[in-house]
Every structure is written in structure tokens, then in C-alpha cells.
Amino acid sequence: MPGNGIQLTDGDITTLAVEGIVNAANNALLGGGGVDGAIHRGAGPELLTQCRTLGGCPTGEARITRGYNLPAAWVIHTVGPVWRSGVQGEPELLARCYRSCFSLAREYGLRSIAFPAISTGVYGYPKEEAARIAVREARQALAKNETLTSIIFVCFNSATRLAYQKALAEPSGTQRSA
Ligand code: APR
């Protein structure tokens, strides 16, 4: 789907035939529940085998692996912040997750990438604020990286879709920087 800029889609990220999908992982990078569990199930055991070689991932950073049995060629694993009070660096750490993923997308020449709503599940990040950060970083990435033409935000539930729709309705430049 070249040239479509930012899009929303419902459903399961593991079904998307984009070049890269992002995993909302934990620091151990050894799998888990939520989208992490779905991606490992979809990729198969070779993903865990490769993850074991990575030595974990600090919060805010990202690591890339093959997609193995997934339709996506690559999986970018990032570790979002656990939401505590909002004044312990969570917004900046979440923004760093997106920037880390976009940096790997640029390094690997990805034209399309799909994201789950990082940190908004088990990690409890408020959906609307997380969506504002995601949309802001995506707009900046599209402006800076000519190779990347399609960013898809996957809405696994209606609250997430509403949060992204609200964030996308805000013009660029009106959002507080995290
Ligand atoms: N496809 C797309 N989105 C999904 C899927 C899926 N198959 N499964 C869950 N989601 C959505 C959730 O509904 C939520 O909107 O992904 C978003 C992120 O939720 P989590 O997967 O719980 O991730 P996160 O909040 O970042 O917590 C990460 O959870 O699974 C563990 O190992 C993981 O410890 C880590 C923690």
C-alpha cells in the first residue's frame, strides 16, 4: 500500500502483509501476552530463538528480527514505558519507542510499517495521550524519510480506534512535545 501515509486498520497485526510490524515487547524480549504473544505465535519458534541472541532491550529502544512465519518480513520489537503517573518520563519514553522503530525502519529501508498501540494494554498508558504521541512521531517520520510511505496504526479495540481518530483530527504542530 505505497503512498498512503498514515492509516488506521482494525484487527490482528499478525495478519498484515506490510514490510515490518512492531511488537510491544518487554525488556527480556522473550515473549509475553497481548500483541507480544500473538506475534510470537504467528512467527513460530524461530523468533524466540533469534530474540534469545539479542540480550534484551531497554525501555524506549527497539530491536529488529525476521518475521519468520508472519506475512511481514521484519518484526521491530520495542519496549514501551509502564504508565505510572505520567510525570516519571513516560511520554518521552513512549516517543522514544516510536523514534527508535522509525530509525530501524529507515536503516532497513522499510516502505511500510504497522504499529500496535504501544503501552496502552498491560502497561496501562492512557490511549488518547499515547495516540497523540504516535501520530506526532509518525508525521515527523514521514516528513523525514522518503522511503517510508505507509504507516498503519492497528486498532485492536474501539477505544483505540477513537483515540487515533481524535489524534489524527488534530493538525500537525498543535501537539505538546513529549
Ligand atoms: N494485534 C494488534 N494489536 C493487539 C493485538 C494483536 N494481535 N493483541 C493486543 N493488541 C493491542 C492491545 O489491545 C493494545 O491496544 O496491542 C496494544 C498493546 O497492548 P499489550 O499487548 O498489552 O502491550 P503493552 O501495553 O505495551 O504491554 C506490554 O505486555 O504482552 C506483554 O510481553 C508484553 O510485558 C509486555 C507487556
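Along each chain, residue indices are assigned from 1 in the same order as the chain's sequence is written. Totals for whole chains, interfaces and linings use every residue, but because this is a predicted model, local features are given only for residues with pLDDT of at least 70 and side-chain atom pairs only at 80 or more, for both listing and counting. Side-chain figures throughout are based on the complete set of non-hydrogen atoms in the structure, without hydrogens or water.

Engineer: Tell me about the nonpolar core, and please be specific about residues and values.
Structural biologist: Considering soluble globular proteins, one finds that nonpolar side chains tend to be buried as a cluster. Counting 32 residues, the largest nonpolar core has Ile76, Tyr98, Phe102, Ile113, Phe115, Phe153 and Tyr164 as its most contacted members. Elements supplying a minimum of two residues to this core: β3 (62-66), β4 (74-79), α3 (90-107), β5 (112-115), α4 (127-144), β6 (150-155) and α5 (158-169). Note on contacts: a residue pair is in contact if any heavy atoms of the two residues lie within 4.5 Å. Each residue touching Phe102, except ones within four places of it in the same chain, is listed here: Ile113, Phe115, Glu137, Ala138, Ala141, Leu148 and Ile151. The next biggest cluster of nonpolar side chains, apart from the first, holds 14 residues, and it includes Ile13, Val18, Ile21 and Ile39. Here, nonpolar core means buried Ala, Val, Leu, Ile, Met, Phe, Trp, Tyr and Cys residues that are tied together by side-chain atoms lying within 4.5 Å of each other. Exposure classes here rest on a 1.4 Å probe applied to the protein chains alone. A residue is buried below 20% of its type maximum, exposed above 50%, and partly exposed in between. Strands here are runs of E lasting at least two residues and helices are runs of H or I lasting at least four, both read from the DSSP assignment and numbered beginning at the N terminus.

Engineer: Any chance you could break down α5 for me, citing the residues and the numbers?
Structural biologist: Because each turn of an α-helix spans 3.6 residues, side chains separated by three or four positions in sequence point in the same direction. The first and last C-alpha atoms of α5 sit 16 Å apart over 12 residues, in line with the 16 Å expected at 1.5 Å per residue. Within the sequence span of α5, burial applies to Thr160, Ala163, Tyr164 and Ala167. One side of α5 holds all its buried residues, which, seen down the axis, span an arc of 95°. Across α5 from its buried face, at more than 90 degrees, point the exposed residues Ser158, Leu162 and Ala169. Residues of α5 that are buried sit in contact with β1 (5-10), α3, α4 and β6. How far a helix is expected to stretch is found by multiplying one less than its residue total by 1.5 Å. The directions considered for the arc run from the helix axis to the C-beta atoms.

Engineer: Can you lay out the packing of α4 against α5 for me, pointing to particular residues and giving the numbers?
Structural biologist: Between N-to-C directions, angles cover 0 to 180 degrees, with each direction set by a line fitted to C-alpha atoms, over the stretch in contact for helices. For the pair α4 and α5, the least separation of the axes is 8 Å and the interaxial angle reads 50°. The angle between α4 and α5 falls in the class oblique. Note on packing geometry: the crossing formed by α4 with α5 is right-handed. Note on element contacts: α5 touches α4 through Ala159, Thr160, Ala163, Tyr164, Lys166, Ala167 and Leu168, opposite Lys127, Glu128, Ala131, Arg132, Ala134, Val135 and Arg139. Three categories are distinguished: nonpolar for Ala, Val, Leu, Ile, Met, Phe, Trp, Tyr, Cys and Pro, charged for Asp, Glu, Lys and Arg, and polar for the others, with Gly belonging to the last. Tallied by class, the residues present in the contact of α4 with α5 amount to eight nonpolar, one polar and five charged. Under this scheme an angle from 65 to 115 degrees is roughly perpendicular, one under 35 degrees roughly parallel, and one over 145 degrees roughly antiparallel; angles in between are oblique. Less than a right angle of anticlockwise turn of the near helix away from the far helix marks a crossing as left-handed, whereas a clockwise turn marks it as right-handed.

Engineer: For the site of the ligand, give the residues involved together with the corresponding values.
Structural biologist: In the region of the ligand, 24 residues are neighbours, and Gly33, Val35, Asp36, Gly121 and Val122 sit closest. Here a polar contact is taken to be a pair of N or O atoms separated by no more than 3.5 Å, where protein atoms must pair a possible hydrogen donor with a possible acceptor and residues adjacent in sequence count only if both atoms sit in side chains. Between the ligand and Asp12, the relevant distance is 3.0 Å, taken from a nitrogen atom to a side-chain nitrogen or oxygen of the residue. One of the backbone N or O atoms of Val122 is found 2.9 Å from an oxygen atom in the ligand. Contact with the protein chains covers 91% of the free accessible surface of the ligand, which is 690 Å². Broken down by element, the residue count for the shell around the ligand peaks at four residues, all from helix α1 (residues 34-43). Along the lines of polarity and charge, the residues of the shell around the ligand split into 11 nonpolar, 11 polar and two charged. Put simply, a residue is near a molecule or strand once any heavy atom of it comes within 4 Å of that molecule or strand. Surface exposure here means Shrake-Rupley accessible area, sampled with a 1.4 Å probe, where a residue is shielded only by the protein chains that are shown.

Engineer: Go over the pairing of β6 with me, naming the residues and quoting the values.
Structural biologist: Counting buried positions along β6 gives six out of six residues, so the element sits mostly inside the fold. Burial along β6 is two-sided: the residues Ser150, Ile152 and Val154 and Ile151, Phe153 and Cys155 are all buried. When DSSP finds two or more bridges between a pair of strands, those strands are recorded as paired. Inspection of the sheet shows β1 paired to β6 by six bridges, in the parallel sense. Looking at the pairing, Thr9 lines up with Val154 of β6. With four bridges connecting them, β5 and β6 associate as parallel partners. Within β6, the residue paired with Ala114 across the bridge is Ile152.

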